[in-house]
Amino acid sequence: METRSRREQILDTAAVLFARRGFHGVSVSDIGAACGVSGPALYKHFPSKDSVLAEMLVSISERLLADGGRRAAEATDPVGALRALIDFHVDFALAHPALIVVQDRDWSSLPDDAREIVRTLQRSYVDLWAAQCREADPSLGPAQARARAHAVFGLINSTPHSAVLPPAEMAALLRGMADGALGLAPGA
């Protein structure tokens, strides 16, 4: 059984609370109570509520880029790399809907330095997808490839609002739709 650190527990709990009530609708005391500690005890782990949000969104952006890059690199061809990226992102979105909501809704609450780090990491993640799109379809220009990547992210990241099917069925639906959005032939 995997043991999560107190920091990870705080981040996971805060993500759920921020997703439900918004960053400004949650206090340090609310996070502490949900974690079973006093609000001030959180200051042993994070200097502020802003730093909780910053670490949450920076660390998940780092993970998306690192894990996505690894999966694409392990593929034997560009279509396989795109499918690996789709699988990874679908699995992530279905497992972490709160993080998607927080990223979308509370972006403006990020401290400026963290916002710039997240923005840079996200651009790199888009570029990773766009590079695979262009390898799979050399007729695409850079802007077209990035637009396809963003469209697929919009589709997959809609899951906090659209995942009304059982998880396996929703994952299959999203994978098929992402394949279509990227112009991948079914089963190819």
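Residues numbered from 1 in each chain as written. Predicted model: local features only at pLDDT ≥ 70, side-chain atom pairs only at ≥ 80, totals over all residues. Heavy atoms only, no water.

Draft legend 1. Representation of the environment of L121 within the structure. Considering the arrangement of structural elements, one finds L121 in helix α6 (residues 112–136). Judged by relative accessible area, L121 falls into the buried class, the value being 15%. Measuring from C-alpha to C-alpha, the distance between L121 and L64 comes to 8.7 Å, with 57 residues separating the pair along the chain. Filtering out sequence-adjacent residues up to four positions away, L121 remains in contact with V58, S61, E62 and L65. (Helix = DSSP H or I, 4+ residues; strand = E, 2+ residues; numbered from the N terminus. Buried < 20%, exposed > 50% of the residue type's maximum accessible area, 1.4 Å probe, protein only. Contact = heavy atoms within 4.5 Å.)

Draft legend 2. Local environment of the packing of aromatic side chains. In this structure the tally under the stated criterion is four aromatic pairs. The interplanar angle of 70 degrees and the centroid separation of 5.1 Å between the aromatic rings of F18 and F23 together place this pair among those described as edge-to-face. Seen in terms of ring centroids, Y125 and F153 are 5.3 Å apart; in terms of plane orientation they differ by 10 degrees. Their pairing is stacked. Here F153 lies in helix α7 (residues 142–156) and Y125 lies in helix α6, a separation of 28 residues in the sequence. Classification of F153 by relative accessible area gives buried; the value is 9%. The cationic tip of R7 hangs over the ring face of F46; the distance from NZ or CZ to the ring centre is 4.1 Å. (Phe/Tyr/Trp six-rings, centres within 6.5 Å; stacked < 30°, edge-to-face > 60°. Lys NZ or Arg CZ within 6 Å of the ring centre and 35° of its normal.)

Draft legend 3. Structural detail: helix α4 (residues 78–95). Relative to the 26 Å expected for 18 residues at 1.5 Å per residue, α4 spans 26 Å between its end C-alpha atoms, a close match to the ideal helical length. Capping the start of α4 is the job of one residue whose side-chain oxygen sits 3.0 Å from the backbone nitrogen of V79: D77. (Expected span 1.5 Å × (residues − 1). Polar contact = N/O pair within 3.5 Å; in protein donor to acceptor, adjacent residues only side chain to side chain.)

Draft legend 4. Representation of the packing of helix α1 (residues 6–21) against helix α2 (residues 28–35) within the structure. Running from N to C, α1 and α2 point in directions that differ by 120 degrees, and their axes come no closer than 9 Å. Judged by the inter-axis angle, α1 sits oblique to α2. For the pair α1 and α2, the crossing hand works out as right-handed. Only D30, I31, A34 and C35 of α2 make contact with α1, whose side of the interface consists of R6, Q9, I10, T13, A14, L17, F18 and R21. (Axes fitted to C-alpha atoms, helices over the stretch in contact; angles between N-to-C directions. Parallel < 35°, antiparallel > 145°, perpendicular 65-115°, else oblique. Left-handed = near helix turned anticlockwise from the far one by under 90°.)

Draft legend 5. Representation of a nonpolar patch on the surface. Judged by side-chain polarity, V164, L165, L173 and M177 come together as a nonpolar surface patch covering roughly 350 Å² of accessible area. Positionally, M177 belongs in helix α9 (residues 167–181). (Patch = residues over 30% accessible without salt bridge, like charges linked within 9 Å, V, L, I, M, F, W, Y side chains within 5 Å. Areas by Shrake-Rupley, 256 points an atom, 1.4 Å probe, with all protein chains shown as cover. Salt bridge = Lys/Arg side-chain N within 4 Å of Asp/Glu carboxyl O.)

Draft legend 6. Summary view of the confidence of the model for the chain. Looking at the chain, pLDDT values average 92 and 96% of them are 70 or higher. The weakest mean pLDDT in the chain belongs to helix α8 (residues 159–162) at 84; the strongest belongs to α6 at 97. (pLDDT = per-residue confidence, 0-100.)

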